[in-house]
Amino acid sequence: MAELERNLRQRELALAERERALAENESRQADRERDLAEMEALLLARGKLVAASRRPVAAQVAISPEEKAALEQLRAELERQEAGVLEAKQALREREAAIDPQAAAALKASDEALKKLDAGAKPRGGLAGS
């Protein structure tokens, strides 16, 4: 009976570890989706800025110096944000590269432990009357 309880506790621990790994993976996926959405918004804004800057010369003459300065500030801010996003994505990739092998090793060890437990928990006879 004690062996079955120990087996149950080990399976619960393995399940908790798998759930933690799953939660981490879901968190990473949400981070990636947020990064992609931010990058998409930045690229859209940059595309609009490029399109606006390629207008015919006559249309550009109508832009006031204040508007031109605002556009330049916007362009600089977009470039700064884009660099920040790229840097954050690179850091995330590096972190994932370090975590993924550890998570895979933990899951493999968990699976092996469960297989050992399954092999050790098989009925040995004589327990039917207990």
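See above for the structure.
Rules behind the numbers
Counting starts from 1 at the beginning of each chain's written sequence and moves along it residue by residue. This being a predicted model, a pLDDT of at least 70 is required before a residue's local features are given, and a value of 80 or more before pairs of side-chain atoms are given or counted; all residues contribute to the totals for chains, interfaces and linings. Note that water and hydrogens are dropped before the side-chain values are worked out from all heavy atoms of the structure. Only runs of H or I of at least four residues qualify as helices and only runs of E of at least two qualify as strands under DSSP, and these elements are numbered from the N terminus. Each residue is placed in one exposure class: buried if its accessible area under a 1.4 Å probe, protein chains only, is under 20% of its type's maximum, exposed if it is over 50%, and partly exposed if it falls in between. Any two residues having at least one pair of non-hydrogen atoms within 4.5 Å are treated as being in contact. The accessible surface values rely on the Shrake-Rupley method and a 1.4 Å probe; as for residues, cover is taken only from the protein chains in view. Multiplying 1.5 Å by the helix residue count minus one yields the expected span of that helix. The term salt bridge refers to a pairing of a side-chain nitrogen on Lys or Arg with a carboxyl oxygen on Asp or Glu at a separation within 4 Å.

J.: So what exactly am I meant to see when it comes to the overall build of the chain here?
T.: If you tally the helices and strands in the chain, you get three helices and zero strands. Its helices and strands in sequence order give the chain the pattern α-α-α, from N to C terminus. When each of the 130 residues of the chain is scored for burial, the buried share is 15%. Of the contacts made within the chain by residues no fewer than 6 positions apart, 88% connect residues no fewer than 24 positions apart. Total accessible area computed for the chain in this model is approximately 10100 Å², and 59% of it derives from carbon and sulfur atoms.

J.: I tried to follow the environment of alanine 14 on my own but got confused; where do I start?
T.: As for its placement among the helices and strands, alanine 14 is situated in helix 1 (residues 2-53). Distance in space between the C-alpha atoms of alanine 14 and serine 110 is 5.9 Å, their sequence separation being 96 residues.

J.: Which parts of the structure should I look at to understand helix 1?
T.: Each α-helix turn comprises 3.6 residues. Residues three or four places apart therefore point the same way. In this model, helix 1 (52 residues) spans 76 Å end to end at C-alpha, consistent with the 76 Å of a helix rising 1.5 Å per residue. Every buried residue belonging to helix 1 is among Asn7, Ala14, Ala21, Arg28, Asp35, Met39, Leu42, Leu49 and Ala52, and all of these are buried.

J.: Would you mind showing me how to read the pattern of salt bridges here?
T.: In a structure, side chains of opposite charge can pair up when their charged atoms sit close to one another. Overall, the coordinates contain seven salt bridges when judged by the stated rule. The residue glutamate 72 makes a salt bridge to arginine 75 at a minimum N-O spacing of 3.9 Å. You can see glutamate 72 and its partner arginine 75 sitting in helix 3 (residues 65-120), three residues apart, about one turn around the helix. The partly exposed category is assigned to arginine 75, whose relative accessible area is 30%. Residues joined by salt bridges that share partners form a network here, namely Glu17, Arg20 and Glu24.

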